[in-house]
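# An overview of the molecular structure
What follows is each chain in one-letter form.
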Amino acid sequence: MNNDKKRRLGSVLPLLLVPVLLISIITFFMNSSSKEKELTYYDVVEMFRNDKIDSYELNLSSGVLTYQLRDEKVQRKYSVPSISLFYEDVHDYVVEYNKTHADTPVQYNYKAGSSNSWLLSLLPTMICIGVLAVLMFVMTRRMNQSIMSESNRTMSFGKARVRKNEGGKKVTFADVAGADEEKEELSEIVEFLKDSEKYNALGARIPKGVLLVGPPGTGKTLLAKAVAGEANAPFLSISGSDFLEMYVGVGASRVRDLFAQAKKSAPAIIFIDEIDAVGRHRGAGMGGGHDEREQTLNQMLVEMDGFVENEGVIVIAATNRPDILDPALLRPGRFDRQITVGYPDIKGRVEILKVHARNKSLAPDVNLEDIARSTVGFTGADLENLLNEAALLSARKGLKAITKSEIEEATIKVVVGTEKKSHKISDKEKRITAYHEAGHAIATHFLEGQDPVHQVSIVPRGMAGGYTMSLPLEDKLYRSKKYMEDDIVTLLGGRVAEKIVFDDITTGASNDIERASEMARNMVTKYGMSDNLGPITFGSGHNEVFLGKDYGTVRNYSEEIAKDIDEEVRSIISTAYQRCESLLKEHRDKLDELAEYLIKNEKIDGVDFEKLMNGTLDKGVDDHA
Ligand code: ADP
Ligand code: MG
Ligand code: ZN
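Report on the accompanying structure. Keep in mind it's a predicted model, so treat the numbers as computed, not measured.

## Details of a nonpolar patch on the surface
A cluster of nonpolar side chains, namely L17, L21 and I25, defines an oily patch on the protein surface of about 320 Å² accessible area. Examined against the element boundaries, I25 turns out to sit in helix 1 (residues 2-34). Owing to a relative accessible area of 53%, I25 belongs among the exposed residues under this scheme.

## Here we look at the sheet that holds strand 11 (residues 467-470)
One open sheet accounts for three strands, arranged 11-10-12; its pairing is antiparallel. Lying at the two open borders of the sheet, with one neighbouring strand each, are strand 11 and strand 12 (603-605). The sheet shows a mean angle of 10 degrees between the axes of neighbouring strands, direction not considered. Looking at chain direction, strand 10 (residues 453-457) and strand 11 are connected through four bridges and run antiparallel. Within the sheet, the bridge partner assigned to S457 lies in strand 11 and is Y467. Here helix 21 (residues 606-614) sits on the sheet in contact with strand 10 and strand 12, set at roughly 90 degrees to strand 12.

## What to know about the nonpolar core
In terms of nonpolar packing, the biggest core is built from 45 residues, with I488, L584, L591, L594 and I604 touching the most fellow members. Elements with a minimum of two residues in this core: helix 16 (427-446), strand 10, helix 17 (481-502), helix 18 (510-525), helix 19 (559-586), helix 20 (588-601) and helix 21. For this core, the leading source of residues is helix 17, giving nine residues. With residues up to four places along the chain from it excluded, the contact list for I488 reads A516, M519, A520, M523, I572, I573 and A576.

Each value, and the rule that gives it
Residues numbered from 1 in each chain as written. Chains lettered and ligands numbered in written order. Predicted model: local features only at pLDDT ≥ 70, side-chain atom pairs only at ≥ 80, totals over all residues. Heavy atoms only, no water. Patch = residues over 30% accessible without salt bridge, like charges linked within 9 Å, V, L, I, M, F, W, Y side chains within 5 Å. Areas by Shrake-Rupley, 256 points an atom, 1.4 Å probe, with all protein chains shown as cover. Salt bridge = Lys/Arg side-chain N within 4 Å of Asp/Glu carboxyl O. Helix = DSSP H or I, 4+ residues; strand = E, 2+ residues; numbered from the N terminus. Buried < 20%, exposed > 50% of the residue type's maximum accessible area, 1.4 Å probe, protein only. Pairing = 2+ DSSP bridges. Axes fitted to C-alpha atoms, helices over the stretch in contact; angles between N-to-C directions. Contact = heavy atoms within 4.5 Å. Core = buried A, V, L, I, M, F, W, Y, C linked by side-chain atoms within 4.5 Å.

Right under this line is the structure:
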């Protein structure tokens, strides 16, 4: 490396000498014609003062003074260092002379240099600048090649920092597991990119923009890449948040550049990730008015309107906040097609797990279907993370394969954050948590139709002091009124158990209570499940999507109805509370048993929980704990 640098410097040094030589040659050449012998500035001024000058001419741009002495026929030249100074030094004498010698005045003509001599005088400077520019170019090129190639960055501001599909491995639809509907909708785009002629011949209009909407980690970026991969088209991607770090005007110019590049390499895909970062409802930004983001957004709209349909460029954007997008973006001819990328269902989860388990060695006791069943609400990214965590755990333990226990450990890690075994909790806290979680678990267990308890733990994780996880046997599309009422009972289980056992309550149940209240309110206002109020939706159900405002629900009912709603919600909650209370009192023995078990062992899994409920758990085993 060091040697390399020296060699490079060695080849640059002679180049540096070139301008120096050139300048000295040129100035020597020019001076030799303008000066015969060494004259100082004062010599020249003296000649004026002593009335030796017959005529002269001063070039105002080059400062070259051409003069002729009275007793000479030849013209001489002198380069004046400062024209204004010279003017001051000489002017009075010239005026004075002209007054007294009105018959033969000195030619007093400061000449505003002809373009020719002006250019000539600039010549050395220009050559110098030119040579330096060439040198700079050569040197930066070399630096770019050596240094920049390492970090793959461009120095240019206005250029879009585009990530093209890395030549290496191509993403295809096969890499996107599940998501069959999404893939189906996008396959049309793929077809178009592959064979735009066919569509043009038929006069079919292909959307310019597709908006992928879905929570983070559900595979939006992956899908966009897969479209490019399937169509074998270049994938130019930029993230909305990239624009935010830019100087004024740069965002807009990057957008311009991005579209220009795409058009050049059409058919191509432009992918704008996190479009909400720039595409936010205008005027809603901080500071309001014409900020940078707004300019960028405007440029984006201009570009999208500017390219003709079927030009072979398709813009795919992704967001998880379609509600805050500027409505202008969603107008026809822009992102007029939306594809919702949702959480994977159980089948999708199995497929995703299969994709990410491909290059991992799993022990025979690992069943991907079981994992899928216990990971409702996991995104593709969560599942990938889960398998990766499990692999890391196995590696740390020095195992040859990932076993079921690492999978379980990793699942919980992904769900509730990192385990905090070190956090010391007092015995009293532990007791309260144990009864709280036992309350949830017992209520869940003794309510028919609730999912079986999968795990109960009082080891604090993340924000939660403990947790009770139940394991759904299948994904539910609809939930019945009875099921929701039972859900509220299990949510209240923690609070009720605290009240029964300690005759006191804690703040630990605040999240439970919040969720229970929300569920009860939704039952009344959203699902029309109240007998008294009937099947009416109160407040507009949807969250005012596309108005771009976060106003929540709009109230469209009277004060009186509002009171009735509150009444209904309260009645649902208090009925559930009473049911929970009698349930836990009835099974107080099991509640105590489970709480004691938790205090001792901190955790119980589904199988042992069932045994404990049946009274078949061999508790002697756990006494050592
Ligand atoms: P998003 O852009 O929606 O936030 P990404 O596309 O970045 O999500 O997904 C993150 C990672 O999650 C992907 O790189 C991939 O490993 C995994 N992933 C997400 N969805 C899927 C899927 N359907 N099939 C396979 N892997 C997926
Ligand atoms: Mg993404
Ligand atoms: Zn709770």
